[in-house]
Amino acid sequence: MPKYTFKSAFATDFEYIPPKNGCLTVLYLHGFCSDCWGKKPETVKAFCLKNGVGLFRFDYAGHGSDRANFEKADFKIWKEQVLEVIDRLSGDLVCVGSSMGGWLALIAALERPERIKAVIGLAAAPNFVKLFAGLVTPEQKASLQNTGKLVFGTKDFSYTITQRFIDTAMAECLPEGENCWRINCPVHLIQGMKDDSLPWRFALAFAQALTSANVAVKLLKSSDHRLNDEAAVAELENSLAKLVNI
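First, a word on scope: everything that follows refers to the structure included in this document. What you see is a predicted model; the values in this text were computed from it and never measured.

**Regarding the packing of helix 1 (residues 39–51) against helix 7 (residues 230–243)**
Point 1. Helix 7 packs onto helix 1 with a crossing angle of 40° between their chain directions and a minimal axis gap of 10 Å. It follows from the interaxial angle that helix 1 and helix 7 lie oblique. Where helix 1 crosses over helix 7, the handedness of that crossing is right-handed. Facing helix 1, whose interface residues are Lys39, Lys40, Thr43, Val44 and Phe47, helix 7 presents Val233, Leu236, Glu237, Leu240 and Ala241.
Point 2. Looking at the contact of helix 1 with helix 7, its residues break down into six nonpolar, one polar and three charged.

**Description of the environment of Glu172**
Point 1. You can see Glu172 is positioned in the loop between helix 5 (163–171) and strand 9 (187–192).
Point 2. Taking C-alpha positions, Glu172 is 27 Å from Gly38, a pair spaced 134 residues apart along the chain.
Point 3. Apart from the residues within four sequence positions on either side, Glu172 is in contact with Phe75, Lys79, Trp103 and Ile107.
Point 4. One polar contact links Glu172 to Lys79, side chain to side chain, over a distance of 3.1 Å.

**Section: the layout of surface pockets**
With a probe scaled to a water molecule rolled over the atoms, the places where space remains empty come into view.
Point 1. A volume near 210 Å³ is recorded for the second largest pocket.
Point 2. Forming the walls of the second largest pocket are 13 residues, and the residues nearest its centre are Asn127, Glu176, Phe202, Ala205 and Phe206.
Point 3. When its residues are assigned to classes, the lining of the second largest pocket shows nine nonpolar, two polar and two charged.

**Quick word on the nonpolar core**
Point 1. Counting 59 residues, the largest nonpolar core has Phe58, Trp78, Met100, Trp103 and Phe165 as its most contacted members.
Point 2. Ranked by the residues each element gives to this core, the list is headed by helix 3 (residues 100–111), at eight residues.
Point 3. If we skip the residues at most four places from it in the chain, Trp78 touches Phe32, Tyr60, Ala61, His63, Phe70, Ala73, Met100, Leu104 and Phe165.
Point 4. In terms of nonpolar packing, the next biggest core, distinct from the first, is built from 24 residues, Ile190, Ala232, Leu240 and Leu243 among them.

**Comments concerning the environment of Ser90**
Point 1. Residue placement: Ser90 occurs in the loop between helix 2 (75–88) and strand 5 (93–98).
Point 2. Expressed as a C-alpha distance, the spacing of Ser90 and Thr162, which sit 72 residues apart in the sequence, is 34 Å.

**Section: the packing of aromatic side chains**
The relation between two aromatic rings is expressed through the spacing of the ring centres and the mutual angle of the planes.
Point 1. The final tally for this structure, using the stated rule, is 20 aromatic pairs.
Point 2. Each ring, one from Phe75 and one from Trp103, has its centre 4.2 Å from the other, and the planes form 35°; the classification is tilted. Placement of the pair is Phe75 in helix 2 and Trp103 in helix 3, with a sequence separation of 28 residues. Just as Phe75 is buried, Trp103 falls in that class too.

**Concerning the side chain of Arg115**
Point 1. Mapped onto the elements of the fold, Arg115 is located in the loop between helix 3 and strand 6 (116–122).
Point 2. Within polar-contact distance, the side chain of Arg115 engages the backbone oxygen of Ile86 at 2.8 Å.
Point 3. Setting aside anything within four residues of it in sequence, one finds Arg115 in contact with Ile86, Asp87, Leu89, Ser90, Gly91, Asp92 and Leu93.

Each value, and the rule that gives it
Residues numbered from 1 in each chain as written. Predicted model: local features only at pLDDT ≥ 70, side-chain atom pairs only at ≥ 80, totals over all residues. Heavy atoms only, no water. Axes fitted to C-alpha atoms, helices over the stretch in contact; angles between N-to-C directions. Helix = DSSP H or I, 4+ residues; strand = E, 2+ residues; numbered from the N terminus. Parallel < 35°, antiparallel > 145°, perpendicular 65-115°, else oblique. Left-handed = near helix turned anticlockwise from the far one by under 90°. Contact = heavy atoms within 4.5 Å. Nonpolar A, V, L, I, M, F, W, Y, C, P; charged D, E, K, R; others polar. Polar contact = N/O pair within 3.5 Å; in protein donor to acceptor, adjacent residues only side chain to side chain. 1 Å grid on protein atoms, 1.4 Å probe; cavity = no way out; pocket = protein on both sides within 12 Å on 5 of 7 lines; lining within 4 Å. Points joined across faces, edges and corners; volume = space filled by probe spheres on them. Core = buried A, V, L, I, M, F, W, Y, C linked by side-chain atoms within 4.5 Å. Buried < 20%, exposed > 50% of the residue type's maximum accessible area, 1.4 Å probe, protein only. Phe/Tyr/Trp six-rings, centres within 6.5 Å; stacked < 30°, edge-to-face > 60°.

Below you can see the structure in the form of structure tokens.
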């Protein structure tokens, strides 16, 4: 697998499939403590290959192929990597973001509105750094103060959280309220109602925060945060077909 060296000096695995016949490119953005090689990105790749759509996917610094450097990376670096990729690619883009990748996709749409033509959020988790603030135990707070990191778990996942991540992520949190995210491209939010990491009602609040008049929220009653079941995969494919305008 080829590696891309970013301006921040982190080097991670990536894959690029050029678009055909003037089609746009899908930028896949994975979740926190995940990578870009699982079932969801493979579903996106299969769709792109079938329809001549371009694809760019990569591991963030400290993730996947670069996981050994996790504690050296932070949210600001991941945001800068996403914007760097967008600026290096040519043509129009659709961002598909899973969990934290959904947050980064929304930031990309805010900061590069002329390039991002649509966003698909898969259990999109903007501002998720705030979610665990009220759940952290006194022991975990002590670990954070003493070591600069803690292990935080939900029924679905276990994460390592660093103070560096917290500080940089808090600085990038989006405002809260109706019509406060000035994103006017089409947005599809696919959300499982059995998600133990992100309450499904958050997706409704995210939809209200968008200024776009073209927002769809797809609530899947039997899906969890991973969105790897057949119903979730089918909705991802449906959203891709709708938003890439093939």
